[in-house]
Amino acid sequence: MILSKKTITKGVWAYIFFFISLEPAAFQHYGIVDNFFTVAQILMLILLLFFSFGRISKKELSLKKVCLLMIIYYMYFILNTYANDGRVRHLTIQGIQFIGFVLYLDLVLKDNPKELFRSGINLLTVVIAINCLLTLILKNGLYETIYYTNNYLLGYDNQNINFILPTLVLVLLKNECYKKCKMHIIVTYAIAWITAVRIWSGMTLVVTALMTTVAIFCFHGNKGFFIRRILTGKIFNFWNLLIVDIIANIALVFFRLQYYFEFFIVHVLHRSLTLTGRTIIWDKTFYFIRQRPWFGYGREHYDFRALKYGKHETSPTGLHAHNRFLETLYSGGIIMLILFLGIMFYAAKCLYKVRNTTFAKILSFGIFIYLIGMLTEYYDYCIFLWGFFVIAENAENILSKMKAETPPPEGV
């Protein structure tokens, strides 16, 4: 069978391509399995580069800004890491996987968007269900690292959100623009809550609670009246939510906003006001950022960074800055932060065009909640954060195609 843009974006091929690009985090810790996925992801990227940019018009190229900006982002990141003698191989493999995923998702959304709400969401649901089952069966996790023992199919406990949150967002989008799926929504949200309570990760609980609130808004009253009429696109759009997130980062990292929520943090989540030592890491990270503000340090080796921070070489302190913006500044300086912000503001611009649709509101809140989770985490394996930006870029096309093929339901 000859592969083409159309054949790879539907049916069995869609399951295969989504599965290859969405490799569960645990597989990276099993050499043979991970090597298989790496080879498959390299071949997939080569094929997708040909389909995405071979014989493409300037107009079509202008509709792939997220993909192009992401390629520039990772090329800069890899070169910067190489210049600083960092983890080039790890970052290159991640770049191949992430870029391959956004290129494939972009093709699906342009040619056959409903496949995302069939094979894509079905695969994600199965993965988070298996992960949930493992959290209940395996007391000490699926595998161990030198840092943690409670690692499951989707990685360390608070990293589970990288697959759980996208599933919660996409199932709502499926219900909105593809077909009604009330039972699917109930199942996925139940899985998310069981997992969040079982691993008891503070930010995972917060993110799950916030997304559940959005789901309730979608179905509050007659035909989702609350999110359709009360949460107006003029106020609740991604532009404004992004500004709120930037302010929240400044307030938390520099002005210690958490001290105003002592009861919730200490007595409900059972965490310290230092957010399990994160404030100390933030202060040290910012100290190093001031030394190299423009270019940063690349993706450093974990042991080297831990020692640099004055900790033992196996300390989790060396993993990341526990804040997305700080880690971006530390790794790539102001240049990489500008690239990252540029992608987000472009996504906001795209969503603003359809700001009054429930689709745009759900996706905007989904990205915003993901960024809220990154106030105290970095989420290195955040493949679907980039996926959300691609969905945002294609929002108009998705809505027009889905309306033409399957009229969206008016409510539940």
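Refer to the preceding data block for the structure.
The structure displayed is predicted, hence computed values, not measured ones.

Thresholds, definitions, all that
- Residues numbered from 1 in each chain as written.
- Predicted model: local features only at pLDDT ≥ 70, side-chain atom pairs only at ≥ 80, totals over all residues.
- Heavy atoms only, no water.
- Helix = DSSP H or I, 4+ residues; strand = E, 2+ residues; numbered from the N terminus.
- Rg over C-alpha atoms; globule rule 2.2 N^0.38 Å.
- Buried < 20%, exposed > 50% of the residue type's maximum accessible area, 1.4 Å probe, protein only.
- Contact = heavy atoms within 4.5 Å.
- Areas by Shrake-Rupley, 256 points an atom, 1.4 Å probe, with all protein chains shown as cover.
- Lys, Arg positive; Asp, Glu negative; His and termini not counted.
- Charge placed at Lys NZ, Arg CZ, Asp CG, Glu CD.
- Axes fitted to C-alpha atoms, helices over the stretch in contact; angles between N-to-C directions.
- Parallel < 35°, antiparallel > 145°, perpendicular 65-115°, else oblique.
- Left-handed = near helix turned anticlockwise from the far one by under 90°.
- Nonpolar A, V, L, I, M, F, W, Y, C, P; charged D, E, K, R; others polar.
- Phe/Tyr/Trp six-rings, centres within 6.5 Å; stacked < 30°, edge-to-face > 60°.
- Lys NZ or Arg CZ within 6 Å of the ring centre and 35° of its normal.
- Salt bridge = Lys/Arg side-chain N within 4 Å of Asp/Glu carboxyl O.
- Disulfide = S-S within 2.5 Å.
- Core = buried A, V, L, I, M, F, W, Y, C linked by side-chain atoms within 4.5 Å.

Participant: Describe the overall build of the protein chain, listing the residues and the values that go with them.
Facilitator: The helix and strand tally for the protein chain stands at 18 helices and two strands. By the compact-globule yardstick of 22 Å for 412 residues, the protein chain fits well, its C-alpha radius of gyration being 21 Å. Counting every position in the protein chain, which comprises 412 residues, the buried fraction comes to 56%. For the protein chain, restricting intrachain contacts to residue pairs at least 6 apart in sequence, the fraction spanning at least 24 positions comes to 74%. Of the accessible surface of the protein chain, which amounts to about 18,000 Å², a share of 68% is contributed by carbon and sulfur atoms. Counting 40 positive and 23 negative side-chain charges, the protein chain places the averaged centre of each group 8 Å from the other.

Participant: Hey, could you go over the packing of helix α8 (residues 182-199) against helix α9 (residues 202-218) for me, with residue numbers and the actual values?
Facilitator: One way to put it is that α8 packs onto α9 with a least axis distance of 9 Å and a crossing angle of 160°. Classified by the angle their axes make, α8 and α9 are roughly antiparallel. Judged by the sense of rotation from one axis to the other, the crossing of α8 with α9 is left-handed. For the pair formed by α8 and α9, the contact residues are Tyr189, Ala192, Trp193, Ala196, Val197 and Ile199 on the first element and Thr204, Leu205, Thr208, Ala209, Met211, Thr212 and Ala215 on the second. Classifying every residue of the contact of α8 with α9 gives 10 nonpolar, three polar and no charged.

Participant: I'd like a description of the packing of aromatic side chains, backed by residues and values.
Facilitator: Using the criterion set out here, one finds 34 aromatic pairs in the structure. Arranged with centres 6.4 Å apart and planes meeting at 40°, the rings of Tyr74 and Phe77 form a pair that is tilted. Remark: Phe77 and Tyr74 occur in helix α4 (residues 65-83); sequence separation between them is three residues, near one turn of the helix. According to the relative accessible area criterion, Tyr74 is buried, its value standing at 3%. With a relative accessible area of 1%, Phe77 lands in the buried category. The ring of Tyr330 carries Arg305 above its face, with NZ or CZ at 3.9 Å from the centroid. A cation over a ring is seen here: Lys308 above Phe288, with NZ or CZ 4.7 Å from the ring centre.

Participant: Tell me about the pattern of salt bridges, and please be specific about residues and values.
Facilitator: Counted according to the given criterion, the structure contains seven salt bridges. Residues Arg305 and Glu327 are paired through a salt bridge, measuring 2.9 Å at the closest nitrogen-oxygen approach. Taken together, the residues Arg305 in helix α14 (residues 302-308) and Glu327 in helix α15 (residues 324-352) connect sequence positions 22 residues apart. Glu327 sits in the buried class, given a relative accessible area of 1%. Taken together, the shared-partner salt bridges connect Lys64, Asp106 and Lys110 into one network.

Participant: Before we move on, can you summarise the packing of helix α2 (residues 31-53) against helix α5 (residues 88-111) with the specific residues and values?
Facilitator: In the contact formed by α2 and α5, the axes pass within 9 Å of each other and the chain directions differ by 45°. Here α2 lies oblique to α5, going by the angle between them. With respect to the hand of their crossing, α2 and α5 are arranged in left-handed fashion. Residues Thr38, Gln41, Ile42, Met44, Leu45, Leu48, Leu49, Phe51, Ser52 and Phe53 of α2 form the contact with α5, whose own contacting residues are Ile93, Ile96, Gln97, Ile99, Gly100, Leu103, Tyr104 and Leu107.

Participant: Any details on the state of the cysteines? Residues and values, ideally.
Facilitator: As enumerated under the stated definition, the model contains zero disulfides in all. Cysteine Cys177 is unpaired, with the sulfur of Cys181 as its nearest cysteine sulfur at 9.7 Å. Judged by its relative accessible area of 2%, Cys177 falls in the buried class.

Participant: Give me the nonpolar core: which residues, what numbers.
Facilitator: One finds Leu172, Trp386, Phe389 and Ile391 to be the most contacted residues of the largest nonpolar core, which totals 129 residues. Counting residues per element, this core draws most heavily on α15, which supplies 15 residues. Discounting chain neighbours no more than four positions away, the residues touching Trp386 are Val66, Met70, Tyr73, Tyr74, Phe98, Val102, Arg324, Phe340 and Ile343.

It is worth stressing that arrangement in space is one thing and function is another; only the former is reported here.
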